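# Observations on chain architecture
Okay, here's what each chain looks like letter by letter:
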Amino acid sequence: MKFCKLLQYDLRRGVIRNWTFLFVPVCVVIICISFRQSLLFWQTYGFQNVSASWALYVADFFKGLADVDREGGFQIPVLWMLGLFLPLFITLNYPFRDIKTIGVQLLLRSESRVGWWLAKCVWCLCCTVVYFLLAYGTFAVFCVVWDIPLTLEISGDSIIVLFADTGVMPDVQAVSAGQVILTVLVLPFLTVTALNMLELLLSLIIRPVYSFLACVSLVAAAYAKSPILFPNYANIARSGAFFVTGMDGSLGIAICLAVVVFSVAAGAAVFRRWDILPDYKEL
């Protein structure tokens with residue numbers, strides 16, 4: 001069986017029939033409603049010049065948490081963690097649930113373990129793309145309904161309001177469209193892609209639920225500001241675009257791509273020796 005047919009099968013069963021994607025627009029709508037109420041509050045009490053935009057709503061989703069040594073005590077960035085946990089949940093079970101049924105027949109017919117693994121890696125990437133398209137698309141629909149500009153502009157007052165609940169003030173008056181694209185769009189996408197690929201790799205070594213918990217722990221560990229903990233690069237409140245002491249986005253791109261390449265290569269090597277005959281428990 002050719003690689004194209006394997007991939008077509010994975011996209012049909014693992015993306016189109018993946019009902020967990022329905023959680024994405026529901027969560028985004030709830031987040032949009034909450035953030036709109038916050039903007040109305042700030043516009044009422046002293047920030048009349050705050051101009052909402054599509055990019056501002058997306059930035060709130062991946063705002064995250066500032067440095068842990070700031071005053072204000074322990075806080076949990078719930079929305080930021082949700083934005084990283086949800087795609088991990090979406091890609092959790094399909095590959096190894098599938099290989100327990102008809103997937104093992106497809107693997108035997110393909111006569112290529114590497115091809116089967118690469119098809120799953122492309123499927124994982126496609127799931128990440130669909131996740132972000134659904135999330136960003138829902139943000140866009142919400143903005144259209146409430147007559148909010150679909151722009152990449154984030155004004156000075158909007159930046160202040162965005163980080164108001166983090167207890168820190170940004171070091172910039174405004175950010176360029178290029179900085180918004182890198183910080184708000186590219187880095188979260190690459191971070192989630194790296195997390196999903198790492199989860200897929202770990203699922204070959206340990207059970208899928210444990211691989212999910214391992215990646216969740218990695219995200220939680222990013223509460224500490226460290227360039228090695230790559231989930232930090234999806235944390236806008238620690239971005240060099242907004243804060244002088246923030247993290248370097250170009251380094252984040254390099255680390256995330258390295259994690260993706262390592263996961264794909266290591267997974268191909270592991271799957272060559274992976275025993276598909278015994279019953280494999282999903283959880």
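Every value quoted in this text rests on a predicted model; they were computed, and no experiment measured them. (Residues numbered from 1 in each chain as written. Predicted model: local features only at pLDDT ≥ 70, side-chain atom pairs only at ≥ 80, totals over all residues. Heavy atoms only, no water.)

## Re the packing of aromatic side chains
A ring pair, where both rings are aromatic, is described by two values, the distance of the centres and the angle of the planes. The tally for this structure, following the rule as stated, stands at 16 aromatic pairs. Centre to centre, the rings of Y131 and F132 are 5.1 Å apart; their planes meet at 80°, and the pair counts as edge-to-face. For Y131, a relative accessible area of 2% corresponds to the buried category. Judged by its relative accessible area of 4%, F132 falls in the buried class. Feature note: the residues W54, F61, F62, Y131, F132, Y136, F139 and F189 constitute an aromatic cluster, connected by ring pairs. (Phe/Tyr/Trp six-rings, centres within 6.5 Å; stacked < 30°, edge-to-face > 60°. Buried < 20%, exposed > 50% of the residue type's maximum accessible area, 1.4 Å probe, protein only.)

## Details of the nonpolar core
By size, the foremost hydrophobic cluster in this structure holds 85 residues, and its most contacted members are Y57, F139 and F230. Apart from the residues lying within four places of it in its own chain, the contact partners of F139 are V28, C32, W54, Y57, V58 and F61. (Core = buried A, V, L, I, M, F, W, Y, C linked by side-chain atoms within 4.5 Å. Contact = heavy atoms within 4.5 Å.)

## Considering helix α9 (residues 177-205)
Owing to its 3.6 residues per turn, the α-helix brings residues three or four apart onto one side. Between its first and last C-alpha, α9 extends 41 Å over 29 residues, near the 42 Å set by a 1.5 Å rise per residue. A maximum bend of about 35° is found in α9 at V186, where proline P188 lies one to four positions downstream. (Helix = DSSP H or I, 4+ residues; strand = E, 2+ residues; numbered from the N terminus. Expected span 1.5 Å × (residues − 1). Bend = angle between axes of the 7 residues up to and from the residue.)

## A few points about a nonpolar patch on the surface
Residues W19, L22, F23 and F89 make up a contiguous nonpolar surface patch of about 450 Å² in total accessible area. Take L22: it is sitting in the loop between α1 (3-16) and α2 (23-44). (Patch = residues over 30% accessible without salt bridge, like charges linked within 9 Å, V, L, I, M, F, W, Y side chains within 5 Å. Areas by Shrake-Rupley, 256 points an atom, 1.4 Å probe, with all protein chains shown as cover. Salt bridge = Lys/Arg side-chain N within 4 Å of Asp/Glu carboxyl O.)

## Quick notes on empty space enclosed by the protein
According to the stated counting rule, one finds three cavities of 30 Å³ or more in the structure shown. There is about 50 Å³ of room inside the largest cavity. Residue lining of the largest cavity: T183, L187, N232, Y233, N235, R238, S239, M247 and G249, and that is the complete set. Its residues assigned to classes, the lining of the largest cavity shows three nonpolar, five polar and one charged. Quantified by volume, the second largest cavity comes out at close to 40 Å³. If you trace the second largest cavity, you find it lined by L65, P77, W80, M81, V219, A220, A222, Y223, N235 and R238. When contributions to the lining of the second largest cavity are tallied by element, the ones reaching two or more residues are α4 (78-90) and α10 (208-221). Each residue belonging to the lining of the second largest cavity can be placed in one class, and the counts come to eight nonpolar, one polar and one charged. (1 Å grid on protein atoms, 1.4 Å probe; cavity = no way out; pocket = protein on both sides within 12 Å on 5 of 7 lines; lining within 4 Å. Points joined across faces, edges and corners; volume = space filled by probe spheres on them. Nonpolar A, V, L, I, M, F, W, Y, C, P; charged D, E, K, R; others polar.)

## A few points about the environment of C32
Mapped onto the fold, C32 is located in helix α2. When the C-alpha positions of C32 and Y57 are compared, they lie 6.9 Å apart, and in sequence the two are 25 residues distant.

## Things to note about the pattern of salt bridges
Enumeration over the complete set of coordinates arrives at two salt bridges. For D10, the salt bridge goes to K120, with nearest N and O atoms at 2.9 Å. With D10 in helix α1 and K120 in helix α7 (residues 113-145), the pair connects residues that are 110 residues apart, well separated along the chain. What makes K120 buried here is its relative accessible area of 2%. A salt bridge links D60 to K63; the shortest N-O distance between them is 3.5 Å. A residue is classified by how much of its surface remains accessible, and D60, at 7% relative accessible area, is buried. Overall, the relative accessible area of 9% leaves K63 in the buried class.

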